[in-house]
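Report on the structure
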Amino acid sequence: MALGRGSAMVLLLCFLVLHSEMARAATYTVGDSGGWTFNTVGWPKGKRFRAGDTLVFNYSPGAHNVVVVNKAGYDSCKTPRGAKVYRSGKDQIRLARGQNYFICNYVGHCESGMKIAINAA
């Protein structure tokens, strides 16, 4: 029976650790009140992101989109084959640990600063 109680304690401890990680996740609106638009490239500066945080991209559907890209896609403003494209205008994307890159792939938008790179700890 002691083994059963010990297993229950380990399970409870795991639940508490997972719950505390989820409780610390934050939600950020990209571009703040201006939303996802031109010249948002500097928006992440001064912010501390963690894996599991959620980015909310607010924009006019049909005028913009959000594409999850790799570093090469970010640097070149080109959409890699198989990249995930969001088009709802109210996209919510959870950050993975490490570098996360996002662009708008409408012609000229990424080149006009409609891209962000975020490092999530």
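Quick notes on the rules
Residues numbered from 1 in each chain as written. Predicted model: local features only at pLDDT ≥ 70, side-chain atom pairs only at ≥ 80, totals over all residues. Heavy atoms only, no water. Helix = DSSP H or I, 4+ residues; strand = E, 2+ residues; numbered from the N terminus. Buried < 20%, exposed > 50% of the residue type's maximum accessible area, 1.4 Å probe, protein only. Areas by Shrake-Rupley, 256 points an atom, 1.4 Å probe, with all protein chains shown as cover. Core = buried A, V, L, I, M, F, W, Y, C linked by side-chain atoms within 4.5 Å. Disulfide = S-S within 2.5 Å. Salt bridge = Lys/Arg side-chain N within 4 Å of Asp/Glu carboxyl O. Lys, Arg positive; Asp, Glu negative; His and termini not counted. Pairing = 2+ DSSP bridges.

To continue, consider the overall build of the chain. For the chain, the count of helices and strands is 2 helices and 7 strands. Ordered by position from the N terminus, the helices and strands of the chain form the series α-β-β-β-α-β-β-β-β. Counting only residues that meet the buried cut, the chain has 33% of its 121 residues in that class. Here the chain has roughly 7,600 Å² of accessible surface; of this, 58% comes from carbon and sulfur atoms.

With that settled, the discussion passes to the nonpolar core. Counting 16 residues, the largest nonpolar core has Trp 36, Leu 55, Phe 57, Phe 102 and Ile 116 as its most contacted members. For this core, the secondary-structure elements that each account for two or more residues are β2 (54-58) and β7 (115-120). Formed by 7 residues, the second largest nonpolar core is a distinct cluster that contains Val 67, Cys 77, Tyr 101 and Cys 110.

Turning next to the state of the cysteines. Under the counting rule described, the total for this entry stands at 1 disulfide. Disulfide pairing places Cys 77 opposite Cys 110 at an S-S distance of 2.1 Å. The chirality of the disulfide connecting Cys 77 with Cys 110 is left-handed, given an S-S dihedral of about -70°. Within this pair, whereas Cys 77 is found in the loop between α2 (71-76) and β4 (85-86), its partner Cys 110 is found in the loop between β6 (98-103) and β7, the two being separated by 33 residues in sequence. We note that Cys 77, like Cys 110, is buried.

So, on to the pattern of salt bridges. Opposite charge on two side chains permits pairing when their charged atoms draw close. All chains considered together, the criterion is met by 1 salt bridge. Across the pair Asp 75 and Lys 71 runs a salt bridge whose closest N-O atoms are separated by 2.8 Å. Of the two residues, Asp 75 and Lys 71 are both situated in helix α2; the distance of 4 residues between them amounts to about one turn of the helix. Assessed through its relative accessible area of 46%, Asp 75 is described here as partly exposed. Judged by its relative accessible area of 45%, Lys 71 falls in the partly exposed class.

Moving on: the side chain of Asp 91. Turning to its location among the elements, Asp 91 is positioned in strand β5 (residues 90-94). Within the buried set, Asp 91 has no salt-bridge partner at all; the shortest N-O distance to an opposite charge, 8.4 Å, is to Lys 84.

To continue, consider the pairing of strand β3 (residues 66-69). Relative to β4, β3 is paired through 2 bridges, and the arrangement is antiparallel. Considered in β4, the bridge of Val 67 is made with Val 85. Sheet topology places β3 next to β6; 3 bridges connect them, and they run antiparallel. Within β6, the residue paired with Val 68 across the bridge is Phe 102.

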